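Descriptive analysis of the structure
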Amino acid sequence: MHHSDYVGHFKTICEDAHFQEKYPKISKRMKEICTSIQTIIREIAEQNAFWSIGKLQGYDAQLQIILELKDELAEEKVLEIADDGYGTFAKEQFGYKLNEKAPVSLYMLAQ
């Protein structure tokens, strides 16, 4: 998948008129995340590659959390959980408990 396809997927969701009307705060935050992702991709270099990968994975985790919880909780709570919980998202997705040590992996860089 090309990065423009990835970002385009989330932009299509958050720019949908019905979505914007139903979730204005979430839509705004998703647009901000998409812009940040595009900036990181443009600026990625050997010197900042691991930092960049970690940031990208963190933003992806936020998007996944937002979309998973958008119908379950108030917008403010969804955004709070996404902001606070993105660092442990990959760890939890791989079945590790928060108090367990995760393996050294690029998937864990968002912490």
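Structure: above.
Residues numbered from 1 in each chain as written. Predicted model: local features only at pLDDT ≥ 70, side-chain atom pairs only at ≥ 80, totals over all residues. Heavy atoms only, no water.

Remarks on the overall build of the protein
Our working rule: Under the scheme used here, helices are H or I runs from DSSP no shorter than 4 residues and strands are E runs no shorter than 2 residues, and both carry numbers assigned from the N terminus. Radius of gyration means the value over C-alpha atoms here, while the globule rule gives 2.2 Å times the residue count to the 0.38 power. Partly exposed residues are those whose accessible area sits between 20% and 50% of the maximum for their type, while under 20% is buried and over 50% is exposed, using a 1.4 Å probe and protein chains only. Two residues form a contact once any of their heavy atoms are found within 4.5 Å. In this tally, Lys and Arg are treated as positive and Asp and Glu as negative; His is ignored, and so are the chain termini. By convention, the charge on Lys lies at NZ, on Arg at CZ, on Asp at CG and on Glu at CD.
Summing up its helical and strand segments, the protein has five helices and zero strands in all. Mapped in sequence order, the helices and strands of the protein form the string α-α-α-α-α. Its C-alpha atoms give the protein a radius of gyration of 15 Å, within 12% of the compact-globule value 13 Å for 111 residues. Taken along the three principal axes of its C-alpha coordinates, the protein extends 40 × 35 × 20 Å. Here the protein holds 111 residues, and 32% of them are scored as buried. In the protein, once contacts between residues fewer than 6 apart in sequence are set aside, the share between residues at least 24 apart is 53%. Of note, the protein has its 13 positive side-chain charges centred 3 Å away from the centre of its 18 negative side-chain charges.

Some points on the environment of Thr 39
Structurally, Thr 39 can be placed in helix 3 (residues 24-43). Since its relative accessible area comes to 26%, Thr 39 is described here as partly exposed. As for Thr 39 and Phe 10, which are separated by 29 residues in sequence, their C-alpha atoms are 15 Å apart.

Regarding the layout of surface pockets
Rules: Here the term cavity refers to a set of points on a 1 Å grid, laid over the protein atoms alone, in which a 1.4 Å probe fits but cannot get out; the term pocket refers to an open set having protein on both sides within 12 Å along at least five of seven lines, with lining residues being those that place an atom within 4 Å of a point. Grid points are joined across faces, edges and corners, and a volume is the space filled by probe spheres set on the points. In this classification, the charged set is Asp, Glu, Lys and Arg, the nonpolar set is Ala, Val, Leu, Ile, Met, Phe, Trp, Tyr, Cys and Pro, and all remaining amino acids, among them Gly, are polar.
A volume near 190 Å³ is recorded for the second largest pocket. Taken together, Ile 65, Glu 68, Leu 69, Ile 81, Asp 84, Gly 85, Thr 88, Phe 89, Glu 92 and Gln 93 make up the lining of the second largest pocket. Mapped onto the lining of the second largest pocket, the elements with two or more residues apiece are helix 4 (49-69) and helix 5 (75-93). With seven residues, helix 5 is the largest single contributor of residues to the lining of the second largest pocket. The residue inventory of the lining of the second largest pocket, partitioned by class, reads four nonpolar, three polar and three charged.

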